[in-house]
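Structural overview
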Amino acid sequence: MKQNRFLADRNLAWIHSRIHPYFFITMQEEIDAIAILADGLHNLSRNRRMILADRDRMLIQAVLNRPGSLYETLRTLKEREISYAHFAVSNGPLPDSEHHLELQRFEFDRKTPQEVAASNDKAPTAIRRRIAAALKRDYPGFDHKRLDYLLNILWINNQDYVRISPATRVARTLALFQHTRNNSGVYLDAEPANTGETRLMFAVGNPPQRDFLQQIMEVFNRLEVSVKRAYCLTISNEIHPYFLGNFYVTTRDGAEVTRGSELFLRLQSELYNTQILSTASPSYAELVVKGVMSGEDALLVNAMIGFCHTNLAHTHPDSFDLEGIMRAFHNHPDIAQQLVKLFRARFDPAVADREAHYAAVLEETTRVVDSYNTGHGFLDEFRRTIFRCALLFIRYTLKTNFYVLEKSALAFRLDPGYMSEMEPKFSADLPPERPFRITYFHARYGLGYHIGFSDIARGGWRTLITNGRDDYVTCANSLFRENYVLAHTQHLKNKDIYEGGSKMVVVLDAAGIQDRDLVTQRLYKLQYSLINAFLDIFVTEKGKAKDPRVVDYYGEDEPIELGPDENMHDAMVELVAAQSVRRGYLLGIGIMSSKKVGINHKEYGVTSAGVIRFAEITMAELGIDMHRDPFSVKFTGGPNGDVAGNSMRLLLERCPKVAIRLIIDGTGALYDPAGADRDALGRVVLQSDIDAFDAGALHPGGFILYRNRTRRDGMKELYCKVMRDQDGLKELWISNDEFYREYNSLVFTVAADLFIPAGGRPETVREHDCDRFFAEDGTPLTRAIVEGANSFITPKARVELQKRGIVLMRDASANKCGVISSSYEIIANLLLSEKEFLEQKEPYVRDVIRILNKRAEDEARLIFRRHREAGGAQLFTEISDAISTEINAQYATLFNFFQKHPQLCDRPLYRKAILAHLPGMLADRPGYRMRTKGLPPKYKYAILSSEIASSMVYRGEKESDGYRELLEAHLKRLSA
């Protein structure tokens, strides 16, 4: 006993002399753990590890300090969410040992953003006073207007940390928190510590989940940086988490890591890179862990893999599968390194005599790729195709943010000319027209494209959320084609406005995440990362990328307008607009539509206004006055959706005899042969999904299929079906097969005069489905289709349906009013202050809706007029495409004309045309009207081109030899 007491006293004295005093401050409520350490410290060299406390929310242990010891511990904890981590290494070896002591403390008590938002807790006044004084003394640049908010966030997340820690340490954490919020969500700095170490302060907003600290330690370990002490917090605000870390480090030989040194710059690059390159990535395991290349180079290889896969797999998914493309790069790291070398020669801003150096490396790289030969003929050709695609990627990229350190995603703006150098088979499934620009994005948990068909372009941003590897790869296989087709459709649709068509489509990997809130966090991280990557390359000054780290081979402003689409929430819409203003993008808040300072599509039903106007004219051509006659309708898309919900609202308001027989959405399906009860449907329209419809209001023969109401019978999953017959309501439970057989067939088998697809995935109806729209005798079960959803029916299916007697108004015509509304929102953002817009919003929106109805009616009547003139020989969709092509061709000619004759834009006749394009509220008021003179020149050219081109086609005027004379004659007729 005396010997044990002697050893314990000796051990405790050694601990006090060799461990930094802050350890004892943080451990003042863990006396038992210190006692266990003192009692057993002398045995640690034999056991290598000693558990001091192991509870649900805390783990404290002592280990022998070796290179990578902390990294190894974190590998065992990667499935646990660490809220606080504290590490300390002794400043001398253990008694009778060559190893130092390493103490590791982990807490697992993360607060969710919802818990933080719901809390009203505030830090005590005395603590606040001490911390405020420390901030004024040590961090004079700190914005004290934000002190209460930041301190209370920290207090809600970890009261013990705030209460126990010295005020200086809490002040340092708050300063780091503020720096990170002000620096696009990532921050790194270094300063000397009093102990001969360097204090590295590293923080990330919305960090990768769970294993992020492990990846940070892997970077330190790989760069031979020793962590002597560290204090790391993961806290949440009302939206997402923040990682805040203070690391006290030296080199392995004990030297400081000074700010600006070569080692610091490598650390900075690799630490920032942790936001994008995942430890789960095969490139990380094959290239980084094995020491083949740096994390930054491996990230570039990952981006090339994603580009090659999405460009090659959409036509040949089995041949150019993701794993096969990965193996091509990983099995031939020499070629991967050569491609990286070429990319750096083209885009490293520090390269001298870049043009000559790049030409030499390009010649060398082309020779390496062309001569690739392992003696396996088929495999060699397959891999040469992949490497040539990567070579095209580098050659045709015009600018990238790869050298922007703070990036949390990569962006590459490409010249679409690369597509003409690929084999024709790789574009056989795409529309023949080539885009104006293609921008490729690569992030930690996803990738995507923005594809635009004109200089000034607009279109929505959709994010596809996938669950599991198979789901992700399947979406990635067709991502490029889906994006291309949607952007092309948007371009046809945008014929009435000054912006050409574009689309941004991104696929998010949410594999293994069951918690919806965590999926949302990952979604927001991806979207925030991508908009910052977008702004890295598209924020310009005098035409060139403003950031000097972006080498810009394009050299012009690029006005690109986005809009909300699938999985773009209101909070992110506002954040994108705010970030655009903060970063200085030329469109300001006009980068994004459907903002608070904008026209919300769902609130005002702008897309549906055009859909229903097209439906009214179409049905009138078939002899049905929708406002007076009885008729039936079926929908895909639920009552709470934008297009479907507002279309239902308009039908209920305008059409007293409408029978809405079928509604299908993601929660189920409603079928009612007599039409859904108007009152019951009215209660859920724009409020709830179809599963909230009152089943008691069903008519005999009607039923509801519930997709989310299930139960188990042994191994079987059963789905609920509620139906009404002559005896009343009945609840049935049907098998998975029975449910989906009926759910998936209703859209075809239910008869209705009018079908409005207003929701659902692209290409839901394909050519082989067409027979299902017809009765056995060949009679159409639907007389007319008005497409409210984009690309719901494939082009081949459209042709087949029309040839067999169905009138079909395609998406580019019928649902164009949403994008027209967004265009007018951006015009308002350019000409009005936020205050002015909000004060005048209602009359402005009324003017816009009048324009929408006019634009829809002009095109619908022109389509039917041309169809009659052709004696029915032209399909409705062919006429629609021809109208779009004619207007867009006129627009392109006019845009080039005004670029060559900019002085015309301010002449009275042409200014009248600009004003004719505007809502009356702007055109009729002198104060607002004068502001059009201050529009950017490209916008004047675009508005003039759009207004003249569309009016010429709708009026049926043709070109003549004297183009300017033709224009001025046309403008005089317009203003007469």
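About the criteria used
- Residues numbered from 1 in each chain as written.
- Predicted model: local features only at pLDDT ≥ 70, side-chain atom pairs only at ≥ 80, totals over all residues.
- Heavy atoms only, no water.
- Helix = DSSP H or I, 4+ residues; strand = E, 2+ residues; numbered from the N terminus.
- Rg over C-alpha atoms; globule rule 2.2 N^0.38 Å.
- Buried < 20%, exposed > 50% of the residue type's maximum accessible area, 1.4 Å probe, protein only.
- Pairing = 2+ DSSP bridges.
- Axes fitted to C-alpha atoms, helices over the stretch in contact; angles between N-to-C directions.
- Core = buried A, V, L, I, M, F, W, Y, C linked by side-chain atoms within 4.5 Å.
- Contact = heavy atoms within 4.5 Å.
- Salt bridge = Lys/Arg side-chain N within 4 Å of Asp/Glu carboxyl O.
- Right-handed = clockwise from strand over helix to strand, strands pointing away.
- Parallel < 35°, antiparallel > 145°, perpendicular 65-115°, else oblique.
- Nonpolar A, V, L, I, M, F, W, Y, C, P; charged D, E, K, R; others polar.
- Expected span 1.5 Å × (residues − 1).
- Phe/Tyr/Trp six-rings, centres within 6.5 Å; stacked < 30°, edge-to-face > 60°.
- Lys NZ or Arg CZ within 6 Å of the ring centre and 35° of its normal.
- Disulfide = S-S within 2.5 Å.
- Polar contact = N/O pair within 3.5 Å; in protein donor to acceptor, adjacent residues only side chain to side chain.

Here the focus is the overall build of the chain. Of regular secondary structure, the chain possesses 38 helices and 26 strands. Its C-alpha radius of gyration of 32 Å places the chain within 12% of the 30 Å reference for a compact globule of 976 residues. Along the longest, intermediate and shortest principal axes, the C-alpha atoms of the chain span 110 × 80 × 70 Å. Counting only residues that meet the buried cut, the chain has 60% of its 976 residues in that class.

Moving on: the sheet that holds strand β9 (residues 397-400). With mixed pairing, seven strands are arranged side by side in an open sheet as β9-β10-β11-β12-β14-β13-β17. Sheet topology places β9 and β17 (560-564) at the edges, where each strand pairs with a single neighbour. Looking at each pair of strands side by side, their axes are set apart by 20 degrees on average, direction ignored. Of the strand pairs in this sheet, strand β13 (residues 457-466) and β17 are connected by five bridges, and their pairing is parallel. What sits directly across from R458, in β17, is E561.

Here we take up the pairing of strand β22 (residues 716-725). Sheet topology places strand β21 (residues 703-713) next to β22; eight bridges connect them, and they run antiparallel. Residue pairing across strands places T710 opposite Y719, the latter belonging to β22. Taken together, β21 and the strand that follows it, β22, pair antiparallel across an intervening segment of two residues, in which G714 is found at a positive phi of about 65 degrees.

L681, F693, Y844 and F898 are the most contacted members of the largest nonpolar core, which has 137 residues in total. With residues near it in sequence (within four places) discarded, L681 still touches M648, L652, I660, I663, A676 and F693. In terms of nonpolar packing, the next biggest core, distinct from the first, is built from 72 residues, M326, L342, Y440 and F453 among them.

The next subject is the pattern of salt bridges. One pass over the structure, following the stated rule, counts 68 salt bridges. Note that R583 is salt-bridged to D536, the shortest N-O span being 2.5 Å. Linking R583 in helix α22 (residues 570-583) with D536 in helix α21 (residues 516-538), this pair joins segments that are 47 residues apart in sequence. Residues joined by salt bridges that share partners form a network here, namely K399, R413, R437, D455, D552, E556, E558 and K938.

Looking along a regular strand, one sees side chains alternate from face to face of the sheet. Burial within β13 is extensive, with nine of its ten residues counted as buried. As defined by bridge partners, β13 adjoins strand β14 (residues 500-509) across eight bridges and the pair is classed as parallel. Directly across from W461, in β14, lies its bridge partner M504. In this region the chain leaves β13, passes through helix α20 (residues 469-493) and returns to the parallel neighbour β14; the handedness of that crossover is right-handed.

The next thing to look at is the environment of A171. The residue A171 is located in helix α10 (residues 167-182) in this model. You can call A171 buried: its relative accessible area is 0%. Residues A171 and S97 lie 74 residues apart in sequence; the distance between their C-alpha atoms is 38 Å. With near-sequence residues (within four places) excluded, A171 lies in contact with I131, A134, L135 and Y139.

A separate point is unusual backbone geometry. Positive phi values are uncommon outside glycine, yet S594 reaches one of about 65 degrees. Here S594 falls in the buried class, since its relative accessible area comes to 8%. Look at L686: it is not a glycine, yet its phi comes out positive at around 60 degrees.

The strand order across the open sheet built from eight strands is β1-β2-β4-β3-β7-β8-β6-β5, with neighbouring strands paired in antiparallel fashion. Here the strands that pair on one side only, and so sit at the sheet edges, are β1 (49-55) and β5 (186-192). Pairwise comparison of adjacent strand axes, ignoring direction, gives a mean angle of 15 degrees for this sheet. Where strand β3 (residues 84-93) and strand β7 (residues 225-236) come together, five bridges link them in antiparallel fashion. Directly across from H86, in β7, lies its bridge partner Y231. This element, helix α5 (residues 69-76), spans β1, β2 (58-65), β3 and β4 (100-107) of the sheet and lies at about 30 degrees to β4.

Taken N-terminus to C-terminus, the directions of helix α16 (residues 333-347) and helix α18 (residues 377-396) make an angle of 10 degrees; their axes are 10 Å apart at the nearest point. Classified by the angle between their axes, α16 and α18 sit roughly parallel to one another. Contact residues: α16 offers I335, L339, L342, F343, R346 and F347, while α18 offers F387, A390, L391, I394 and R395. Taken together, the residues that form the contact of α16 with α18 break down as nine nonpolar, no polar and two charged.

Between its first and last C-alpha atoms α22 spans 20 Å; for 14 residues at 1.5 Å apiece the expected length is 20 Å, and the two agree. In the core, the buried residues of α22 are packed alongside β13, α21 and β17. Looking one or two residues beyond α22, the residue adopting positive phi is G584, at roughly 85 degrees.

Here we come to the packing of aromatic side chains. Applying the stated criterion across every chain yields a total of 48 aromatic pairs. Ring centres of Y440 and Y449 lie 5.2 Å apart, and the angle between their planes is 40 degrees; this geometry places the pair in the tilted category. We note that Y440, like Y449, is buried. Relative to F703, the ring of Y671 has its centre 5.4 Å away and its plane inclined at 45 degrees; by these criteria the two rings are tilted. In this pair, Y671 is assigned in strand β20 (residues 668-671) and F703 in strand β21, connecting sequence segments 32 residues apart. Both residues of the pair, Y671 and F703, count as buried. Above the plane of the ring of F108 lies R80, whose end atom (NZ or CZ) is 3.7 Å from the centre. Cation over ring: R169 sits above Y22, and NZ or CZ is 3.7 Å from the ring centre.

This brings us to helix α8 (residues 147-157). Among the eleven residues in α8, nine count as buried, and that is most of the element. Considered for burial, the residues of α8 that qualify are L147, L150, L151, N152, I153, L154, W155, I156 and N157. For α8, the elements touching its buried residues are α6 (113-118), α7 (125-138), α9 (159-164), α10 and β7.

Turning our eyes to something else, we now look at the side chain of H332. Looking at the element boundaries, H332 is found in the loop between α15 (322-330) and α16. Accessibility expressed as a relative area gives 14% for H332, which makes it buried.

With that out of the way, let us pick up the state of the cysteines. Following the criterion strictly, the structure yields zero disulfides and no others. Among the cysteines around C308, which has no disulfide bond, C389 carries the closest sulfur, lying 3.9 Å off.

So, about the environment of E296. Its place among the elements puts E296 in helix α14 (residues 295-312). For E296, a relative accessible area of 14% translates into the label buried. C-alpha of E296 to C-alpha of E717: the two residues are 421 residues apart in sequence and 47 Å apart in space. Leaving out residues up to four positions away in the same chain, E296 has contacts with S269, E270, N273, R344, F402 and K407. At 3.2 Å, the side chain of E296 and the side chain of S269 are in polar contact.

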